[in-house]
Amino acid sequence: MSKALLLDFTRCVGCQACEEYCAKENNLPSDAPDDKLNYKNFTVVLKRNHQYFRKMCMHCLHPACVSVCPVAALEKTENGPVIYYPSKCMGCRYCMMACPFQIPKYEWDKPIPVIRKCIMCHQRVKEGLPTACAWVCPTGACRFGDREYLLEIAHKRILTFPNRYVHKVYGETEVGGTSVLMLSSIPFEELGFRTDLPEVELPELTGTVLRRIPNVVITGAILLGGISWLVNRRMSLEQEHKETSRSEKRKKDKDS
Amino acid sequence: MFQTVVSFLRTEIRGMSTFRKIRWIIYLLIIIQGIYLTIVRFTKGLGATTNLSDEFPWGFWIAFDVVSGVALAAGGFTLCFLVYLIGYHKFHSVVRATVLTAFLGYALVAVGLLYDLGKYYNVWHPVIMWNHHSVMFEVAWCVMLYLTVLFLEFLPVVLEKFKFHRLLKFMQRATIPLVIAGILLSTLHQSSLGSVFLIVPEKLHPIWYTPMLPLMFYLSAIVVGPAMVIVESTFSAKAFHRSLEKPVLVELAGFLLIALIIYIGVKLQDFYIRDAFKEFFTGSFESIHGLLEMTFFIVPVILLGLKKLRQNPRWIFFSAFLVVVGVVYNRFNVCWIGMLRQSNANYYPSYSEIAISLFLVTIGTMAFYFIARFFPIFPEHEHEETTNHEHQTVPLKMVETT
């Protein structure tokens, strides 16, 4: 069963316990609270119009970052988290480029940098525990569970309190769905979340092209080989023709 | 060994004009600066040398060194197709120089990539860590294999120089399979560099984002192939004081014109299908760059379309140069200009980024210059010989008739 997080921003009181406990769990440098995602943190709590909200990796169901990584340094695990192997990474940053939410961050100041992003506490999830942020959240603004179940809860909340919520579960359909779902009282685009994202799974866009490659190679090889054979044969025939006509001429000359 | 090098350099410097001396001093300064910046890049990291950020992770090095570099080295496969596969032997005199340009071009792409990779020592990882869903994985493999193919295609020149005749014969037999492999690999990775950007429909501006991106990149690579051959042979004619072979240039210009017309046709059709013409007339930052880019392709079509100009080496060079600039401009627009708006970044390359790219180009040019001097790249002054021959035969004939 794929696990997920439901972030209900209307219940967030901005205590930033999730930030703190996340840093502890993942051995992050616990500096002063940041005002944006960077390589020192995996999540941030921000405020806009009297509402707190959180930014973190969305853990897409069909992640673009995983599909584009040339060395398979990113992986979507069965449980839901998208995890990262720094030892495999060669630092091409195609994941940063491809991510529709601009989540992966880079250690630009280090001579040997790696990618930093939330890994949804995959060790804890594997052991059957909730993520650190969900475990510590005092108000239930961050809830951990099965994705289908959380989606059900989210829709029920919108139905019961239609005046409190924007009628949208962010992450339900965006880029084919994500493992982090969000509810908000103010429109998501005002919080800096893109609502114009396509609903197609992004890896499909390159996948359709990549699947044609074996065909291109085989037909191309046969076509080019054929062309070269034909041209060669024509030239050698021409040569032969010239030589035979020459020798015939010589014979005629001799005869005469 | 050392003494021969010193005496060679001494005669070399003595033979130079002042203008040439100044030019070589500038090259030297670029190289010294490049070495210094290379040390800074690999000890202090990307943050110290580039203007890249979390919002804009790919910059000038990807746009110029890698994506444009691969496109500009496309002359290799287009010319090899014409000469070796369909027997178009008119271009035989330029094929070696073109293969050398392609080989050096790809080598520079590989070196440029090392500067850009955060963990450059893991650059070989795609060999053992496979992800066949990744376009980049495919490009990495194609470029590795194609670099090998280009090396093998160039190897006969080296073997000829050092008189390894048996190996040379064997290599010549392998020419056709190598050329076919080269064309297939080029087709794959030239188009795949376009596919790289298929995954960012939400970031790339609609003037450039199209499902046809791989086709666009492939066609423009074919366009820039003959254009680069024209530019490169004009430059090397100047550098080596050789006479330009006009019929070859005129023929190349013909091919360039055909390729250009096909490319522009496909491009216009794509704009029409996606209903993207309106994007050009919004007056936005992107629309200006889009219009400028298109002029770099349309002006050469007009110039080369006029038969008088198509016979003139100067105008041919000028049109080809415009096309080269246009293709680089197109790659810049896709990698850089078209990405700015949605990434909320204000990226422009830092001084070090440009200086290091300049350093790499200088090294490539010098490598070409020295290899061309010591290896049989150009046919040995065929033109002069024939003219001498004519001078000798004319009086002889006159003697005969009288």
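Residues numbered from 1 in each chain as written. Chains lettered and ligands numbered in written order. Predicted model: local features only at pLDDT ≥ 70, side-chain atom pairs only at ≥ 80, totals over all residues. Heavy atoms only, no water.

Novice: Hey, could you run me through the overall build of chain A in this one?
Specialist: A tally of regular secondary structure across chain A gives 8 helices and 9 strands. For chain A, the C-alpha radius of gyration of 30 Å lies well beyond 18 Å, the compact-globule estimate for 256 residues. A principal-axis box enclosing the C-alpha atoms of chain A has dimensions of 115 × 45 × 35 Å. Counting the 256 residues in chain A, one finds 47% classified as buried. Of the accessible surface of chain A, which amounts to about 13300 Å², a share of 54% is contributed by carbon and sulfur atoms. In chain A, the 36 positive side-chain charges and the 29 negative ones have mean positions that sit 3 Å from each other. (Helix = DSSP H or I, 4+ residues; strand = E, 2+ residues; numbered from the N terminus. Rg over C-alpha atoms; globule rule 2.2 N^0.38 Å. Buried < 20%, exposed > 50% of the residue type's maximum accessible area, 1.4 Å probe, protein only. Areas by Shrake-Rupley, 256 points an atom, 1.4 Å probe, with all protein chains shown as cover. Lys, Arg positive; Asp, Glu negative; His and termini not counted. Charge placed at Lys NZ, Arg CZ, Asp CG, Glu CD.)

Novice: Teacher, can you tell me more about the overall build of chain B here?
Specialist: When you go through chain B residue by residue, the secondary structure sums to 16 helices and 0 strands. Out of the 402 residues belonging to chain B, those deemed buried represent 54%. Taking the contacts inside chain B whose residues are at least 6 apart along the sequence as the reference set, 79% of them involve residues at least 24 apart. Working note: accessible area of chain B is about 19500 Å², and carbon and sulfur atoms make up 71% of it. Taken together, the 30 basic and 24 acidic charged side chains of chain B have centroids lying 7 Å from each other. (Contact = heavy atoms within 4.5 Å.)

Novice: What should I look at first to understand the interface of chain A and chain B in this one?
Specialist: A common way to report how large an interface is uses the accessible area buried once the components associate. The interface is formed by 54 residues belonging to chain A together with 55 residues belonging to chain B. Overall, the association of chain A and chain B removes approximately 4600 Å² of surface from exposure, summing both partners, and the carbon and sulfur fraction of that is 64%. Here chain A is connected to chain B by 23 residue pairs in polar contact (both at pLDDT 80 or more). Where the side of chain A that touches chain B is concerned, the elements lending two or more residues are helix H2 (64-68), helix H3 (94-98), strand E6 (105-106), helix H7 (202-210) and helix H8 (213-255) of chain A. Of all the elements, H8(A) adds the most residues to the side of chain A that touches chain B, at 11 residues. Residue classes in the side of chain A that touches chain B are distributed as 38 nonpolar, 9 polar and 7 charged. (Buried area = accessible area lost by both parts, 1.4 Å probe. Polar contact = N/O pair within 3.5 Å; in protein donor to acceptor, adjacent residues only side chain to side chain. Nonpolar A, V, L, I, M, F, W, Y, C, P; charged D, E, K, R; others polar.)

Novice: Can you walk me through the pattern of salt bridges in this structure?
Specialist: Using the criterion set out here, one finds 17 salt bridges over all chains in the structure. One salt bridge connects A:Glu25 with A:Arg124, and the closest N-O pair in it is separated by 3.5 Å. Note that A:Glu25 is positioned in helix H1 (residues 17-25) and A:Arg124 in helix H4 (residues 122-126), a separation of 99 residues in sequence. Overall, the relative accessible area of 33% leaves A:Glu25 in the partly exposed class. We note a salt bridge from B:Arg274 to B:Asp270, for which the minimum N-O separation is 3.1 Å. (Salt bridge = Lys/Arg side-chain N within 4 Å of Asp/Glu carboxyl O.)

Novice: Could you clarify how one ought to interpret the state of the cysteines in this entry?
Specialist: The term disulfide refers to a covalent linkage connecting the sulfur atoms of a pair of cysteines. Residues and elements named next belong to chain A. If you walk through the whole model with that rule in mind, you get 0 disulfides over all chains. Distance from the sulfur of Cys89, which forms no disulfide, to the nearest cysteine sulfur (Cys69) is 6.5 Å. No disulfide involves Cys95; its nearest neighbouring cysteine sulfur is the one of Cys92, lying 6.4 Å away. (Disulfide = S-S within 2.5 Å.)

Novice: In this structure, what is going on with the packing of aromatic side chains? I would like to understand it.
Specialist: What describes a pair of aromatic rings is the distance from one ring centre to the other and the angle between the planes of the rings. Per the counting criterion, the structure on display carries 44 aromatic pairs over all chains. Here A:Tyr170 and A:Phe193 contribute two aromatic rings whose centre-to-centre distance is 5.4 Å and whose plane-to-plane angle is 55 degrees, an arrangement assigned as tilted. One end of the pair, A:Tyr170, is in the loop between helix H6 (147-160) and strand E9 (180-183); the other, A:Phe193, is in the loop between E9 and H7, with 23 residues separating them in the sequence. Here A:Tyr170 and A:Phe193 have matching classes, each one buried. Ring geometry for B:Phe60 versus B:Phe332: centroids 5.7 Å apart, planes at 65 degrees, classification edge-to-face. With B:Phe60 in helix H4 (residues 60-72) and B:Phe332 in helix H14 (residues 313-343), the pair connects residues that are 272 residues apart, well separated along the chain. Residue B:Phe60 shares its accessibility class with B:Phe332, and that shared class is buried. Pairwise contacts between aromatic rings join A:Phe9, A:Phe53, A:Phe101, A:Tyr170, A:Phe188 and A:Phe193 into one cluster. (Phe/Tyr/Trp six-rings, centres within 6.5 Å; stacked < 30°, edge-to-face > 60°.)

Novice: Is there a simple way to think about the nonpolar core in this case?
Specialist: Counting 191 residues, the largest nonpolar core has A:Tyr94, A:Phe101, A:Met182, B:Phe197, B:Leu204, B:Leu256 and B:Ile377 as its most contacted members. Those residues in contact with B:Leu204, other than ones at most four positions away along the chain, are B:Phe197, B:Tyr209, B:Leu213, B:Asn333, B:Val334, B:Gly338 and B:Met339. Counting 11 residues, the second-largest nonpolar core is a separate cluster that includes A:Ala4, A:Ala154, A:Val169 and A:Leu181. (Core = buried A, V, L, I, M, F, W, Y, C linked by side-chain atoms within 4.5 Å.)

Novice: Where do I start with the side chain of B:Ser191 in this structure?
Specialist: All names here are of chain B. Here Ser191 lies in helix H9 (residues 175-195). Polar contacts involving the side chain of Ser191 include one to the main-chain carbonyl oxygen of Leu188, which spans 3.0 Å. Every residue in contact with Ser191, bar those within four places of it in the chain, is listed here: Ser186, Pro214, Phe217 and Tyr218.

Novice: Can you help me understand a nonpolar patch on the surface in this one?
Specialist: On the surface, B:Leu114, B:Val123, B:Trp124, B:Val127, B:Ile128 and B:Met144 cluster together to form a nonpolar patch covering roughly 490 Å² of accessible area. Mapped onto the elements, B:Trp124 comes out in the loop between helix H6 (92-116) and helix H7 (135-162). (Patch = residues over 30% accessible without salt bridge, like charges linked within 9 Å, V, L, I, M, F, W, Y side chains within 5 Å.)

Novice: Sorry if this is basic, but what is going on with the layout of surface pockets here?
Specialist: Leftover empty space is mapped by rolling, across the atoms, a probe with the size of a water molecule. Computed from the structure, the largest pocket encloses a volume of approximately 1400 Å³. Residue lining of the largest pocket: 39 residues in total, with B:Met228, B:Phe235, B:Val361, B:Gly364 and B:Thr365 positioned closest to the centre. (1 Å grid on protein atoms, 1.4 Å probe; cavity = no way out; pocket = protein on both sides within 12 Å on 5 of 7 lines; lining within 4 Å. Points joined across faces, edges and corners; volume = space filled by probe spheres on them.)

Novice: Quick question: what am I supposed to make of the environment of B:Tyr329 here?
Specialist: All names here are of chain B. Tracing the chain through its elements places Tyr329 in helix H14. Owing to a relative accessible area of 14%, Tyr329 belongs among the buried residues under this scheme. Linking Tyr329 and Leu292, residues 37 residues apart in sequence, is a C-alpha distance of 8.9 Å. Tyr329 has contacts with His289, Leu292, Glu293 and Phe296, leaving out every residue within four places of it along the chain.

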